[in-house]
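Residues per chain are reported as follows:
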Amino acid sequence: MNDDTLTMSICRDDILQLFNLEAKRIDSFEIRPTLFNELEIHVKLSRCYQTCPCCHNKTNTVKDYVPKKITHSLLHSKPTYIFYNARRYRCKICGKSFYEENPFTHEKARISALTVYNVIEEFKSPRATFSDVAARYHISTTSVINLFDQHVSVARKTLPRYLCLDENYAFKYDKSNYCFVLVDLLTKDVVDILPSRKKLDLLRYFEAIPLEEREGVELVVSDCWKTYRDVAKKMLPNSKFVVDKYHILADLTKRVDRIRIDVMNENYVKISAKELDALPPDKKAEIIQKKHTYYVLKKFNWLIHTNHKKKKKRENGKIIEYYALDPNNEKKYNYALSKFLNFYDLYDLVYHCDPRLTEAVELKESLVRFYKQSTYKNAKHNLDEVIKEFEESTLPDMRKYASTLKEWKKGIIHSFIPIDSPVPRTATNAIIENRNKLIKDIKRGGNGFRCWPRFRNRILFALNSESTMHLNPIKKEKQQDT
Ligand SMILES: [Zn+2]
């Protein structure tokens, strides 16, 4: 149904409702389509007794009329305007003159209350941009931004029991390159977002929150960033600090990969087929071996980082589960290696191509096993074993990693504390990754936010399930404190 048939087929009372009007309150009401594909609504409200805002005397003495044009974007395909002669009354007692109450707008606004509500609601979506919304509601981008500033000012949420901390590169403010994000682990709501992650700024921020509220935080989850640990220890006195397990594993994965790249580069040879053929057989075999090593490390390195989980694929219309590394999987001919192989065989080649890589991958598997098999009770004992393995490694980079594990030992052990949630689980920062992605979406849609309070409100409004708009415009001074 298009807008025209919609307009035709609903009866007058329904139309009045769309304009927030009751039949008894109006003298006349008329819809006029214009030549420019616009819709004009001409309306006159009934004259009635009004209460003087000064002395509360009742009066129906009319002073004059002021013509008003109000944008009322009811239909996305047509700009719609309400034309109405706003009546001004005069109080006979105190002499004050004032506008009649009208159902369309707040005081002097030129955009209807319903339009304002609809415009603001659009920003519940992280992907909405000021310019798209402006086009949809037939108002200027500047007006949309002003409406947003006037109606949205979201207070920070109460600190939750389980608090996730992270930084985000989305906004450059002052001298800080990162903003700091606080997320409720259970509800996924963004508790607050700050323009800096510097220690002094964070201490000052938490200091302003009543101690009683801060004492309610039980777990603080973050990556290996000392500032967060120090701030949590000082400002959230009852909290235990948890290091996110994915950051710990990702750090090790990076180190293993550096070893993989070193081995790969050592095996790089540039030689033509002709030159290769001219070599003596033992030298030739050696070069071919190097080429194969380089090839598998370049092309199949992902096999050493795979998580050994069952994967799903569709075959003949059926979804079947399989392990990528199942030795019984079908073998396919590989031209570079001149052999039939499956992923299990390729994994074996990657794993055994150099003793350094074998050792690094073994250590990594050891840490993965630690996370899979430990509980809060035995995590300390198991972690000590893992640290010993790393300390005894022949690889300097892996020995260095032992110090990382030692440095964050408490936080790693705390990551096994079971949290109070309907499904048994432990605390990780996995949800914050998703929040950060949405924050980047908002940043991208913002045409370069330069005003921090607006950026902050935009994020809290879109990412908090319970955030609401202010029905009446917020007074300027009030907005500046936030
Ligand atoms: Zn009066």
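Small disclaimer: the values here were computed from a predicted structure and weren't measured. (Residues numbered from 1 in each chain as written. Predicted model: local features only at pLDDT ≥ 70, side-chain atom pairs only at ≥ 80, totals over all residues. Heavy atoms only, no water.)

### Digging into the domain arrangement of the protein
Each assigned domain of the protein is listed here: domain 1 (3–151) and domain 2 (162–243 + 424–466). The partner domain 2 presents 15 residues to the 14 residues of domain 1 that form the contact. Regarding the contact of domain 1 and domain 2, the summed buried area is about 1200 Å², with carbon and sulfur atoms giving 57% of it. The largest per-residue losses of area from domain 1 upon contact with domain 2 belong to Lys-124, Pro-126 and Phe-148, which jointly make up 44% of the total buried on that side. Put simply, domain 1 and domain 2 have two salt bridges between them. Run the count over domain 1 and domain 2 and you get seven residue pairs in polar contact (both at pLDDT 80 or more). Among the secondary structure elements, those contributing two or more residues to the side of domain 1 that touches domain 2 are helix H3 (113–122), helix H4 (130–136) and helix H5 (141–151). (Domains from an automatic or database assignment. Contact = heavy atoms within 4.5 Å. Buried area = accessible area lost by both parts, 1.4 Å probe. Salt bridge = Lys/Arg side-chain N within 4 Å of Asp/Glu carboxyl O. Polar contact = N/O pair within 3.5 Å; in protein donor to acceptor, adjacent residues only side chain to side chain. Helix = DSSP H or I, 4+ residues; strand = E, 2+ residues; numbered from the N terminus.)

### Observations regarding the confidence of the model for the protein
Do not read the predicted coordinates in detail wherever pLDDT is low. Summarising the model, the protein shows a mean pLDDT of 86, and 91% of its residues fall at 70 or more. Under a pLDDT of 50 for its full length, residues 4–10 has, in the predicted model, eight contacts with residues more than four places off or in other chains. Low pLDDT, under 50, characterises residues 478–482; the stretch is placed with four contacts to residues that sit more than four places away or in other chains. (pLDDT = per-residue confidence, 0-100.)

### Side note on the coordination of the zinc ion
In this structure, Cys-52 (SG), Cys-55 (SG), Cys-91 (SG) and Cys-94 (SG) serve as the protein donors to the zinc ion, at separations of 2.2 to 2.4 Å. Around the zinc ion sit four donor atoms; with metal-centred angles ranging over 101 to 121°, the donor geometry is tetrahedral. Each donor residue of the zinc ion lies on the same chain, and together they follow the pattern C-x2-C-x35-C-x2-C. Pair noted here: Cys-55 is in the loop between strand S3 (50–51) and strand S4 (58–59) and Cys-94 is in the loop between strand S6 (80–90) and strand S7 (97–99), with a separation of 39 residues, a long-range link. (Donors = N, O, S within 2.8 Å, 3.2 Å for Na, K, Ca; no water. Tetrahedral: all angles 85-135°; square planar, octahedral: opposite > 155°, others 65-115°.)

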